[in-house]
Amino acid sequence: MIQKLIASILPFLPKKFIWMFSKRYIAGENIEDVVKTTYDLDAIGIAVTIDFLGEFVTTLEQARAQKETYMAIIDRFGRQQVNVSLSLKPSSFGLLINEEACYALVREVVIRAAANSRRVRIDMEDSKCVDREIKLYKRIHEEFPHNVGIAIQAYMRRTDADLKNMLMWHTEETPVNIRLCKGIYNEPETIAFKKHEQINAQFLKNLEFLLTSNIFVGIATHDKHLITGALNIINKYGFNEDLYEFQMLYGVTPELGKEIVEKGHPLRVYVPFGKDWFGYSTRRLKENPKMVGQIIKALFVRG
């Protein structure tokens, strides 16, 4: 209750105060900020996926501006030897305004990414977007199977069926690429598992299904129990590193990420940036009030 109260108050506090904890989790406001962070991580063997903050657009003009930023990011890196991909939220490309316009804008980004040997990840959002985002992924995957992937949330009750359907699209020539995460949105129990144990069990079940189906999976978690479970599955079947990578959020449990790299496993870090960092930070707190305790600890322990 106290965490929820603090989370509701934080959006009304000065931006300078919010930035005290946000700067640990966000690269900065500008493209050059995220470029520097990307090169720093690449230098120590950590791959990056870049997320430009700008959710909940209300006009197609805003969606087109979002597209132009992603184009600029791709052009900034060009074909340089740096392991970087891009993640985008379809809602920021106008998914809830006009699905066809959203498809056209995302497709433009994927075309540019493909020309530079980059991959674009379609992020998964709340339940009202799931069908539309899977449909969007399927359409673009048919044309650019090697340059597009999608995030899937293990806590959704429909996920088992969604993954089985995607397996039908998956061939050696048209590989499916999945980022598997727990899921963060506050969904009703009728459509999502709510208990921690249930969600973890579903995550590992989905992971084993994907790997044994020879589908590349980004194992997106900071949960040590799930990381241990994932390593057990990998070791059990002897999966090669070209079939998976661990994925973590920038600034979250970096020590755990370092352990994964030191053990010889690939790691990709999800790096957000943009002028909308304030809205992003406060929205994430409302969606996940448990983060408040971590933030307060960070403020006092890390100064």
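Reading the values: the criteria
Residues numbered from 1 in each chain as written. Predicted model: local features only at pLDDT ≥ 70, side-chain atom pairs only at ≥ 80, totals over all residues. Heavy atoms only, no water. Helix = DSSP H or I, 4+ residues; strand = E, 2+ residues; numbered from the N terminus. Buried < 20%, exposed > 50% of the residue type's maximum accessible area, 1.4 Å probe, protein only. Contact = heavy atoms within 4.5 Å. Areas by Shrake-Rupley, 256 points an atom, 1.4 Å probe, with all protein chains shown as cover. Phe/Tyr/Trp six-rings, centres within 6.5 Å; stacked < 30°, edge-to-face > 60°. Lys NZ or Arg CZ within 6 Å of the ring centre and 35° of its normal. Polar contact = N/O pair within 3.5 Å; in protein donor to acceptor, adjacent residues only side chain to side chain. Axes fitted to C-alpha atoms, helices over the stretch in contact; angles between N-to-C directions. Parallel < 35°, antiparallel > 145°, perpendicular 65-115°, else oblique. Left-handed = near helix turned anticlockwise from the far one by under 90°. Nonpolar A, V, L, I, M, F, W, Y, C, P; charged D, E, K, R; others polar. Pairing = 2+ DSSP bridges. Right-handed = clockwise from strand over helix to strand, strands pointing away. Salt bridge = Lys/Arg side-chain N within 4 Å of Asp/Glu carboxyl O.

### A look at the overall build of the protein chain
Link 1 in the chain: Secondary structure summary: the protein chain contains twelve helices and eight strands in total.
Link 2 in the chain: For the protein chain, the residues scored as buried account for 52% of the 303 residues in total.
Link 3 in the chain: Sequence separation of 24 or more characterises 76% of the internal contacts of the protein chain that already satisfy a separation of 6 or more.
Link 4 in the chain: Here the protein chain displays about 14,600 Å² of accessible surface, and carbon together with sulfur accounts for 55% of that area.

### Remarks on the packing of aromatic side chains
Link 1 in the chain: Going through the model one piece at a time under the given rule, you end up with seven aromatic pairs.
Link 2 in the chain: An aromatic cluster of three or more residues is present, and its members are Phe52, Tyr70, Phe93 and Phe273.
Link 3 in the chain: Across from the ring centre of Tyr103, 3.6 Å away, lies the NZ or CZ of Arg139, which sits over that ring.
Link 4 in the chain: The ring of Phe193 carries the charged tip of Arg157 above its face, separated from the ring centre by 4.4 Å.

### Some points on the environment of Ser87
Link 1 in the chain: Tracing the chain through its elements places Ser87 in strand E2 (residues 84-88).
Link 2 in the chain: Once the C-alpha coordinates of Ser87 and Phe52 are considered, the two residues, 35 residues apart in sequence, prove to be 7.9 Å apart.
Link 3 in the chain: Ser87 has contacts with Thr49, Ile50, Asp51, Phe52, Tyr70, Arg121, Asp123 and Tyr270, leaving out every residue within four places of it along the chain.
Link 4 in the chain: There is a polar contact of 2.8 Å between the side chain of Ser87 and the side chain of Thr49.

### Digging into the packing of helix H8 (residues 196-212) against helix H9 (residues 224-237)
Link 1 in the chain: Direction vectors running N to C along H8 and H9 enclose 25°, while the axes themselves pass 10 Å from each other. As summarised for this structure, H8 and H9 are arranged roughly parallel, according to the angle between their axes. H8 and H9 meet at a crossing whose hand is right-handed. Note on element contacts: H9 touches H8 through His225, Leu226, Gly229, Ala230, Ile233, Ile234, Lys236 and Tyr237, opposite Asn200, Phe203, Leu204, Leu207, Glu208, Leu211 and Thr212.
Link 2 in the chain: Across the contact of H8 with H9, the residue classes tally to nine nonpolar, four polar and two charged.

### Section: the pairing of strand E5 (residues 177-181)
Link 1 in the chain: Burial analysis of E5 places five of its five residues in the buried class, the great majority of the element.
Link 2 in the chain: Where burial is concerned, the two faces of E5 agree: the one with Asn177, Arg179 and Cys181 and the one with Ile178 and Leu180 are both buried.
Link 3 in the chain: Alignment of strand E4 (residues 148-153) against E5, held across four bridges, turns out to be parallel. When the bridges of E5 are listed, Ile150 appears paired with Ile178.
Link 4 in the chain: Once you follow E4 into helix H7 (residues 159-167) and on to E5, the crossover reads as right-handed.
Link 5 in the chain: Here four bridges tie E5 to strand E6 (residues 216-220), and the two strands are oriented parallel to one another. Paired with Leu180 across the bridge in E6 is Ile219.
Link 6 in the chain: With H8 bridging E5 and its parallel neighbour E6, the resulting β-α-β unit is right-handed.

### Some thoughts on the environment of Leu53
Link 1 in the chain: Locating Leu53 in the fold gives a position in the loop between strand E1 (47-52) and helix H4 (60-77).
Link 2 in the chain: For Leu53, a relative accessible area of 4% translates into the label buried.
Link 3 in the chain: C-alpha of Leu53 to C-alpha of Leu88: the two residues are 35 residues apart in sequence and 8.8 Å apart in space.

### Some details on the pattern of salt bridges
Link 1 in the chain: Counted under the stated rule, the structure contains 19 salt bridges.
Link 2 in the chain: Across the salt bridge formed by Lys275 and Glu29, the nearest N and O atoms sit 3.6 Å from each other. You can see Lys275 sitting in the loop between strand E8 (267-273) and helix H11 (277-287) and its partner Glu29 sitting in the loop between helix H2 (15-22) and helix H3 (31-43), a full 246 residues away along the chain.
Link 3 in the chain: The exposure class of Glu29 is partly exposed, given its relative accessible area of 34%.
Link 4 in the chain: Two residues, Glu68 and Lys67, come together in a salt bridge whose shortest N-O distance is 2.9 Å.
Link 5 in the chain: What emerges from the salt-bridge pattern is a single network uniting Asp51, Lys89 and Asp123.

### A closer look at the sheet that holds E8
Link 1 in the chain: Strand order in this closed barrel of eight strands is E1-E2-E3-E4-E5-E6-E7-E8, and the pairing throughout is parallel. Shown here is a sheet whose adjacent strand axes are inclined to one another by a mean of 30°, direction ignored.
Link 2 in the chain: In this sheet, E8 lies alongside E1 in parallel orientation, the contact comprising six bridges. Counted as the bridge partner of Asp51 is Pro272 from E8.
Link 3 in the chain: This element, H9, spans E6 and strand E7 (244-249) of the sheet and lies at about 170° to E7.
Link 4 in the chain: The sheet strands contacting helix H10 (residues 254-262) are E7 and E8, and the helix crosses E7 at an angle near 165°.

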